[in-house]
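Spelled out, the chains give:
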Amino acid sequence: MEPAAPEDPPESQPASPEEIATGKGVYLQRCVGCHAVDGSGIVGPDIRPGKVLEKYASAEAMEAIVRDGLGEMPEFGSKLTDPGIAAVVAYVRGGLG
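Per chain, residues are indexed from 1 in the order of the written sequence. Per-residue local features are limited, in this predicted model, to residues with pLDDT of at least 70; the limit for side-chain atom pairs, both in listing and counting, is 80 or more; totals at the level of whole chains, interfaces and linings are taken over all residues. Processing note: side-chain calculations cover all non-hydrogen atoms of the structure and skip hydrogens and water entirely.

Chemist: Any details on the pattern of salt bridges? Residues and values, ideally.
Modeler: Any Lys or Arg side-chain nitrogen located within 4 Å of an Asp or Glu carboxyl oxygen qualifies as a salt bridge. If you walk through the whole model with that rule in mind, you get three salt bridges. A salt bridge links D46 to R48, with the nearest nitrogen and oxygen atoms 2.6 Å apart.

Chemist: How would you sum up the nonpolar core? Please name residues and give values.
Modeler: In these notes, a set of buried Ala, Val, Leu, Ile, Met, Phe, Trp, Tyr and Cys residues joined through side-chain atoms within 4.5 Å is what counts as a nonpolar core. Each residue's exposure class comes from its accessible area (1.4 Å probe, protein chains only) as a fraction of the maximum for that residue type: buried when under 20%, exposed when over 50%, partly exposed otherwise. In terms of nonpolar packing, the biggest core is built from 19 residues, with Y27, V52, M62, V66, V88, Y91 and V92 touching the most fellow members. Numbering of helices and strands runs from the N terminus; a helix is a DSSP stretch of H or I covering at least four residues, while a strand is a stretch of E covering at least two. Those elements that place two or more of their residues in this core are helix 1 (17-30), helix 4 (59-68) and helix 5 (82-93). When residues of this core are assigned to their parent elements, the largest contribution, six residues, is made by helix 5. Look past the residues within four positions of V88 in its chain and what remains in contact with it is G23, V26, Y27, C31 and V66. Contact definition: two residues touch when any of their heavy atoms are within 4.5 Å.

Fair warning: the whole summary comes from geometry, so function is off the table for now.
Structural data, given as structure tokens:
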């Protein structure tokens, strides 16, 4: 008998308008100082549409960086809830708007 094929990971659900609004609020409060309002980057890297999806293939990878920090990126896991982190990542990955 052949082993079962691994299942594909579940598709992530699109962000709701409420999650996007929450993410925008978090972004404007916590992220614009380093990434700029449009995501073009000041101290932080360019995270405009297209750029962020090239660099971070999954929302989970981005959430881990926001939560734990990486290099000059500070950690926000002690400042934001997991839903807040997911919301800001959804906002950024959705094109900052």
